[in-house]
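# Structure assessment
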Amino acid sequence: MRTEQNSPVVRDVTLETELVVCGGGLSGVCAAVAAARHGTKVILVQDRPMLGGNASSEMRMGIVGVLKDQYQEAGILEEMQLRNFRFNPLQRYTLWDDAILTTVISEPNIRLLLNTSVEDVVMDGDRIAAVKAWNSNAYTRYLIKGRLFADCTGDGILRLSGAKFRRGREFPSEFNEDHLSEGGDARTMGNSILLQLRKTDEDHPFVAPEWAYHFTDDDFNYDTPKSTIPGVKYNYKRIYSPKDNNFWWIEFGGKYDTIFDAPDIQFELKRIAYGIWEYMKNHPDGRCKGYDLDWIGSLPGKRESTRFIGPHILTQNDVLSGGHFEDVVAYGGWTLDDHDPEAFHKKGRISVEYSTPDYFGIPFDCLYSVNVPNLMFAGRDISCTHMGLSATRVMATCALLGQACGVGAYVALREGITPADVRRDHIAEVQDILEDDDCMLPYRWRKVSPLTLAATCAPAVEVLRNGIDREWDGADNGVWVSPGSEAIAYEWKKPVTLSGARLIFDSHFKIRSKRMRKLEATTERVEVPPMMTRDWRLEAKVRTGRRSYEWQPVFAEKDNYVRLRKVSFAPVEAYGLRVVVESTWGAPEAHIFAFDAL
Ligand SMILES: Cc1cc2nc3c(=O)[nH]c(=O)nc-3n(C[C@H](O)[C@H](O)[C@H](O)COP(=O)(O)OP(=O)(O)OC[C@H]3O[C@@H](n4cnc5c(N)ncnc54)[C@H](O)[C@@H]3O)c2cc1C
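The structure contained in this document is the topic of the report that follows.

So, how was this worked out
- Residues numbered from 1 in each chain as written.
- Predicted model: local features only at pLDDT ≥ 70, side-chain atom pairs only at ≥ 80, totals over all residues.
- Heavy atoms only, no water.
- Helix = DSSP H or I, 4+ residues; strand = E, 2+ residues; numbered from the N terminus.
- Rg over C-alpha atoms; globule rule 2.2 N^0.38 Å.
- Areas by Shrake-Rupley, 256 points an atom, 1.4 Å probe, with all protein chains shown as cover.
- Lys, Arg positive; Asp, Glu negative; His and termini not counted.
- Charge placed at Lys NZ, Arg CZ, Asp CG, Glu CD.
- Near = heavy atom within 4 Å.
- Polar contact = N/O pair within 3.5 Å; in protein donor to acceptor, adjacent residues only side chain to side chain.
- Nonpolar A, V, L, I, M, F, W, Y, C, P; charged D, E, K, R; others polar.
- Salt bridge = Lys/Arg side-chain N within 4 Å of Asp/Glu carboxyl O.
- Buried < 20%, exposed > 50% of the residue type's maximum accessible area, 1.4 Å probe, protein only.
- Pairing = 2+ DSSP bridges.
- Axes fitted to C-alpha atoms, helices over the stretch in contact; angles between N-to-C directions.
- Expected span 1.5 Å × (residues − 1).
- Core = buried A, V, L, I, M, F, W, Y, C linked by side-chain atoms within 4.5 Å.
- Contact = heavy atoms within 4.5 Å.
- Disulfide = S-S within 2.5 Å.
- Right-handed = clockwise from strand over helix to strand, strands pointing away.
- Parallel < 35°, antiparallel > 145°, perpendicular 65-115°, else oblique.
- Left-handed = near helix turned anticlockwise from the far one by under 90°.
- 1 Å grid on protein atoms, 1.4 Å probe; cavity = no way out; pocket = protein on both sides within 12 Å on 5 of 7 lines; lining within 4 Å.
- Points joined across faces, edges and corners; volume = space filled by probe spheres on them.

This next bit is on the overall build of the protein chain. Across its full length, the protein chain holds ten helices and 27 strands. The globule rule puts the C-alpha radius of gyration for 598 residues at 25 Å, and the 26 Å found for the protein chain is close to it. Dimensions of the protein chain, computed from C-alpha atoms along their principal axes, come out at roughly 90 × 65 × 60 Å. Taken as a whole, the protein chain presents about 24,400 Å² of accessible surface, with 51% of it coming from carbon and sulfur. When the 72 basic and 84 acidic side-chain charges of the protein chain are each reduced to a single mean position, those positions are 3 Å apart.

Further remarks concern the site of the ligand. In the vicinity of the ligand there are 31 residues, among which Ser27, Asp47, Gly62, Arg393 and Met395 approach most closely. Residue Asp47 places a side-chain N or O atom 2.5 Å away from an oxygen atom belonging to the ligand. Here the ligand has 990 Å² of accessible area as a free molecule, and 92% of this is covered by the chains. Residues that form the shell around the ligand fall into these classes: eleven nonpolar, 14 polar and six charged.

Attention now goes to the pattern of salt bridges. Applying the stated criterion across every chain, the model contains 55 salt bridges. For Asp203, the salt bridge is made with Lys289, and the minimal N-O distance between the two is 3.7 Å. Of this pair, Asp203 sits in the loop between β11 (195–199) and β12 (232–235) while Lys289 sits in the loop between α4 (262–281) and β14 (291–296), placing them 86 residues apart in sequence. Between Lys566 and Asp437 there is a salt bridge, with its nearest N and O atoms 2.5 Å apart. One end of the pair, Lys566, is in strand β26 (residues 564–581); the other, Asp437, is in the loop between α9 (427–436) and α10 (450–454), and 129 residues separate them in sequence. Given the relative accessible area of 34%, Lys566 is considered partly exposed. The buried category is assigned to Asp437, whose relative accessible area is 11%.

Taken in spatial order, the five strands of this open sheet run β4-β3-β2-β8-β21, and their pairing is parallel. The open sheet has two edge strands, β4 (110–113) and β21 (375–377), and neither has a second partner. Averaged over all neighbouring strand pairs, the angle between strand axes comes to 20 degrees, with direction disregarded. Pairing analysis gives four bridges linking strand β2 (residues 19–22) to strand β8 (residues 148–151), with the strands arranged parallel. Residue pairing for β8: Leu19 is matched across the bridge by Leu148.

We now examine the sheet that holds strand β19 (residues 351–354). By definition, the strands of a sheet pair up through backbone hydrogen bonds, in either a parallel or an antiparallel sense. With antiparallel pairing, the three strands of this open sheet are ordered in space as β12-β19-β18. The open sheet is flanked by β12 and β18 (336–339), the only strands paired with a single partner. Each adjacent strand pair in this sheet contributes to an overall mean axis angle of 15 degrees, direction not counted. As paired elements, β12 and β19 share four bridges and run antiparallel to each other. Paired with Asn235 across the bridge in β19 is Ser351.

Over its 20 residues, α4 runs 28 Å from end to end, which matches the ideal 28 Å to within 8%, given 1.5 Å per residue. The buried fraction of α4 amounts to 15 of the 20 residues, a majority that puts the element mostly inside the structure.

If you look at the biggest cluster of nonpolar residues, it comprises 81 residues, and the most contacted ones within it are Leu19, Leu26, Trp96 and Leu367. If you tally residues by element for this core, the top one is helix α7 (residues 395–415), at 13 residues. Beyond its immediate chain neighbours, meaning those up to four positions away, Leu367 contacts Val329, Met376, Phe377, Ile382, Leu401, Ala404 and Cys405. Formed by 36 residues, the second largest nonpolar core is a distinct cluster that contains Phe505, Met532, Leu577 and Phe595.

The next subject is the environment of Glu174. Within the fold, Glu174 resides in the loop between β9 (165–167) and β10 (191–192). Residues Glu174 and Phe569 lie 395 residues apart in sequence; the distance between their C-alpha atoms is 56 Å. At 2.9 Å, the side chain of Glu174 and the side chain of Arg166 are in polar contact.

Moving on, we get to the state of the cysteines. Per the stated rule, a full pass over the model turns up zero disulfides. Free cysteine: Cys366, not disulfide-bonded; nearest cysteine sulfur from Cys384 at 7.1 Å. Cys366 sits in the buried class, given a relative accessible area of 0%.

On to α9. Buried within α9 are the following residues: Ile427, Val430, Gln431, Ile433, Leu434 and Glu435. Those residues of α9 hidden inside the fold are in contact with β17 (328–332), α7, α8 (419–425) and β23 (488–505). Looking one or two residues beyond α9, the residue adopting positive phi is Asp438, at roughly 75 degrees.

Of the two faces of strand β3 (residues 42–45), the one lined by Val42 and Leu44 and the one lined by Ile43 and Val45 are each fully buried. Here β2 pairs with β3 via four bridges, running parallel. Among the inter-strand pairings, Cys22 is bridged to a residue of β3, identified as Val45. Assessed by its sense of winding, the connection that carries the chain from β2 through helix α1 (residues 26–37) to β3 is right-handed.

It is worth spelling out the packing of α1 against helix α3 (residues 93–105) at this point. The geometry of α1 relative to α3 is characterised by a closest axis approach of 9 Å and an angle of 25 degrees between their N-to-C directions. The angle between α1 and α3 falls in the class roughly parallel. α1 and α3 meet at a crossing whose hand is left-handed. Along its contact with α1, which presents Leu26, Val29, Val33 and Arg37, the element α3 presents Ile100, Thr103 and Val104.

Right, let's get into empty space enclosed by the protein. Applying the stated criterion to the full structure yields two cavities of 30 Å³ or more. Every residue along the wall of the largest cavity is listed here: Glu435, Asp438, Cys439, Met440, Leu441, Arg444, Trp445, Arg446, Gly467, Asp469, Arg470 and Arg563. Taken together, the residues of the lining of the largest cavity sort by class into four nonpolar, one polar and seven charged. What lines the second largest cavity is Ala55, Met61, Gly62, Ile63, Gln81, Asn84, Tyr93, Trp96, Lys514, Arg515 and Met516.

Here you go:
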């Protein structure tokens, strides 16, 4: 029997690792997975029961990033989205959470602590020695010692270390940011609670709780002029139709403190959200006929709170000039999308979007602290101005930032150096690894393996070794191959030692439905992209006699559904290596962008 004498109420646990990632949104997940895949021991601490942050079932924010197909973000994010297609064809939000969870718990180098909130730091001089965290579900206090720390919490809890940070809006003159109409204040973009709708055949009026706001047409009686300036878009509350509406504009809190005032902001948002649905659903013009409220968020999503300061602060002008940085490690492609701090209660325009280049680079210098040597960050708390954040904050960009942070952390830990040293001495390696891991970087292409370049191949296969792993400016950059064909082959005159291969299978960047859909509970199923290679094998050409050779299988896989496959096999002395596609996910031919022999 357990009694107060022999059983403590609260447990203390000390853990030790190499990299501690705080926050399990898309940036934290990608940071942890990227580092772990290169051999780094990681503890990922997330205060919610699920991963994904604002993309999770708790918030239900759709992932966006670049606007044009050819620039689409790949890497770990694309892998998770494909995993979601495979295991969550009905696109239910809680199963999407678990597609992210699968990606994390499949990594033996990651210890995941869910429901665990980082609440303090232990310093050793100017370095972070450990974080303290609390799991209220397990009544457990953790002391987590690490060598390097990544803050991916969005709210920057590791500012407790004394790391320098910014908050609010800069003066327009400070960084020469002319899209910032006002500034020099503590105001931010607000927090939001979302609604999710379901299509229905029956129609019943919606009854809101008594404490909700009750809106009438008078509340929305104001002018909504369209912008006449090219490249500038004005946004208003979208109260007229439920179609394609994710209710992002139910936003409040930008005039307050989005962290310390979060509980009050949450309640105000609930009052607005219920009131809005009551107004829209019961409107006499029947604008929401055929829709019911399926889900309402509770914890408001945060767009903006704090931003750490790194050696570079990304600004509006960096974004507009395309971000040509020597230490580029990620990119964005969203608009400069600045929300008015008045948000929902403003009568009129609530956000302005300024167009940006198709993609803009983001440097490594935005991902580590200027004054805490072992602190990195990724996601919406990177080093940027308020205007810079207005473009970088979207989640596909945050995922790329996370992956870059994870690779940078791996190199720092492997070398026993700081992120600043990585920037100085190893940035080219970080960039090469990211490209090899299927993270395209702006204004450069991936290095192809030397073995691949030394091989001979059919002219039609040449394109697989051009380092461009996607369609680009109208060039296909891939090979279409029928199941059973042995067309994709490299050969060498003298034997080479082969032990692996890297392939990029086409995952169809044109399918935008990879982000979770806004309507809940539809019965429409999503499928793995049809031209994706499903069953496939590798064969090596080995010598079997003085003049005889044989293609022998060295690797085989069933049911592949991801873009990047890096595989290894027992080393073999060979004169050739070829890919044999056995089946696709429905198309008559598979489409392959890259094949490297390793
Ligand atoms: C209403 C709204 C609409 C938006 N619209 C879009 C959109 O349409 N598309 C898009 O791509 N982006 C959108 N964004 C922006 C985007 O969601 C965020 O900028 C993005 O989620 C930031 O990613 P992140 O990984 O940095 O942080 P988050 O997604 O916020 O994840 C951080 C995680 O860390 C956890 N955490 C925080 N503190 C601690 C702690 N002390 N200990 C442990 N864990 C902690 C949090 O609970 C959270 O789960 C929107 C944001 C909001 C709020």
